[in-house]
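Architecture at a glance
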Amino acid sequence: MSNRQGFPEGFFWGGATAANQLEGGWDVDGRGPSVDDHFTGGTKDKPRTITVDIEPDVLYPNHDGIDFYHHYEEDIALFAEMGFNMFRMSISWSRIFPNGDDEQPNELGLAFYDKVFDCCRAHGIEPLVTLSHYEMPYHLVEKYNGWASRELIGFFEKYCQTVFDRYRDKVRYWLTFNEINCGTMDMGNLFETSMIRGFSGPASEAHSTPQERYQALHHQFVASARVVRYAHENYPQFKLGNMDCFILSYAATCDPKDVLANESEMRRMNWYCSDVQVRGYYPSYAKRFWRENDISLKIEDGDLEDLKEGTIDFYTFSYYMSSIVGTHDVKQAAGNMTFGGVNPYLQSTDWGWQIDPDGLRFALNEIYDRYQIPLMVVENGMGALDKVEEDGSIHDTYRIDYLKSHVRAMREAAADGVDLMGYTWWGPIDLVSAGTGEMRKRYGFIYVDKHDDGTRHLRAQPQGLLLRLPEDHQVEWH
Ligand code: BGP
């Protein structure tokens, strides 16, 4: 997987993961429970459930993820074998500060990531680290209702400063919040802002008001800007990025009303957060949006200065699908965190996500035209039902096609003039799905023998180590 024509020298190729979906070891070496440890498994049709207490007979798929905690060496070696020169991963906040508001960090947690980063470096792999990927210590949910509380800003700053100081010589590329713009959506209060204090029940019933969501986002913008400023002031070698879930939408028809409806959806979904994080101030359309949605932000003295002083260095995003928006009858499609309209020109994955490689080229051009800073695609991939053949192989030609078509789209965008730094495929090794908690929704180039009922092939070691079945279905990057 070397750099090919059309991509610059030094282009990053690799895979992306998140601690809560990968690591396991949820209660070892001083780690505190994270919000995701309270999510049960679900399916495409049945939402995950949240429980306030960890119930003894219930399966919580994130508890052991795919046990990267005990297997990181072999996993990273497999990434190196595939030619990765970048590995996107996140730090589990509750491994470093088990409660989130602790005085002192947990040394065993810090030591774990030392080992992971050293292992990456030994393989010539650059880590790209997300500071908060859809998780926080559950104690912060219970005590402060997540990002609803302004106090989270200070806790987040302390956590980030701790890991910046510790890994100053091991990590250069950092992202503050994963898919921060999902905080604009009703479901975002579950994954992104964790405002679910005391909530038990199906994820689809964990609602929040626009006022709550946008206030929480304001806290996150300030927190992100402050840690970016801290990094810039102390570690000039660091590069800090945002991370947006880019849900490209098209106007359903050429009816100007559809075009306006789509513009407004694109602003809310895709531009609102990055306009703040890239430019350092709220966009001109924000005031009207707040007014029409009964949002009245509490902005404290110094917040707006913080936003200005903490703008990011590069823009990153996930890209899986596109949708359509219109004022006429539009049939709803499935998607990650959102439900847009069905586009009759596109095919969908097993989970109903509409596959649109041309949309990636379009998105890259739109984003770059708007911001003119380097871009990175830090998530893209295809969740599918993979069939393991008798000889252990998997013929995932659909995934290879998906990958090829999106790489081609990126090459076109680079030729269009977009400054593209890299690409990390989502889930290079099978992991727990964020949306559904399933294992059978697989993204991996590497197969992991773990299943939704919790079964897995065990070796004869204690602690139930997972038997991995790496496949030789490597993807050719051309
Ligand atoms: C993104 C999240 C990831 C990841 C991915 C795929 O929205 O940032 O954490 O999970 O979607 O989604 P899923 O796991 O639901 O298939």
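Residues numbered from 1 in each chain as written. Predicted model: local features only at pLDDT ≥ 70, side-chain atom pairs only at ≥ 80, totals over all residues. Heavy atoms only, no water.

**Details of the confidence of the model for the chain**
Per-residue pLDDT for the chain averages 92, and the proportion of residues at 70 or more is 93%. Residue range residues 458-478 is modelled with pLDDT below 50. Its contacts to residues more than four positions away, or to other chains, number 59 contacts. (pLDDT = per-residue confidence, 0-100. Contact = heavy atoms within 4.5 Å.)

**As for the nonpolar core**
Formed by 135 residues in total, the largest nonpolar core has its most connected members in Phe164 and Trp174. For this core, the leading source of residues is helix H8 (residues 210-234), giving eleven residues. If we skip the residues at most four places from it in the chain, Phe164 touches Leu131, Trp174, Val227, Tyr230, Ala231, Tyr235, Phe238 and Leu240. Grouped together as the second largest cluster of nonpolar side chains are ten residues, Phe12, Leu128, Phe314 and Val378 included. (Core = buried A, V, L, I, M, F, W, Y, C linked by side-chain atoms within 4.5 Å. Buried < 20%, exposed > 50% of the residue type's maximum accessible area, 1.4 Å probe, protein only. Helix = DSSP H or I, 4+ residues; strand = E, 2+ residues; numbered from the N terminus.)

**Let's talk about the site of the ligand**
Around the ligand, the structure places 15 residues, and the nearest of them are Glu179, Ala434, Gly435, Lys441 and Tyr443. Interatomic distance of 3.0 Å between a side-chain N/O atom of Asn178 and an oxygen atom of the ligand. At 2.9 Å, a side-chain N or O of Glu379 approaches an oxygen atom of the ligand. In isolation the ligand exposes 380 Å². Once the protein is present, 99% of that is buried. A per-class count over the shell around the ligand returns six nonpolar, six polar and three charged. (Near = heavy atom within 4 Å. Polar contact = N/O pair within 3.5 Å; in protein donor to acceptor, adjacent residues only side chain to side chain. Areas by Shrake-Rupley, 256 points an atom, 1.4 Å probe, with all protein chains shown as cover. Nonpolar A, V, L, I, M, F, W, Y, C, P; charged D, E, K, R; others polar.)

**With respect to the pairing of strand E1 (residues 12-16)**
With five of five residues buried, E1 is to be regarded as a mostly interior element. Pairing analysis gives five bridges linking E1 to strand E13 (residues 420-426), with the strands arranged parallel. Each residue of the ladder has a partner; that of Gly15, found in E13, is Trp425. Pairing between E1 and strand E3 (residues 86-90): three bridges, direction parallel. Residue pairing in the sheet places Gly15 in a bridge with Phe87 of E3. (Pairing = 2+ DSSP bridges.)

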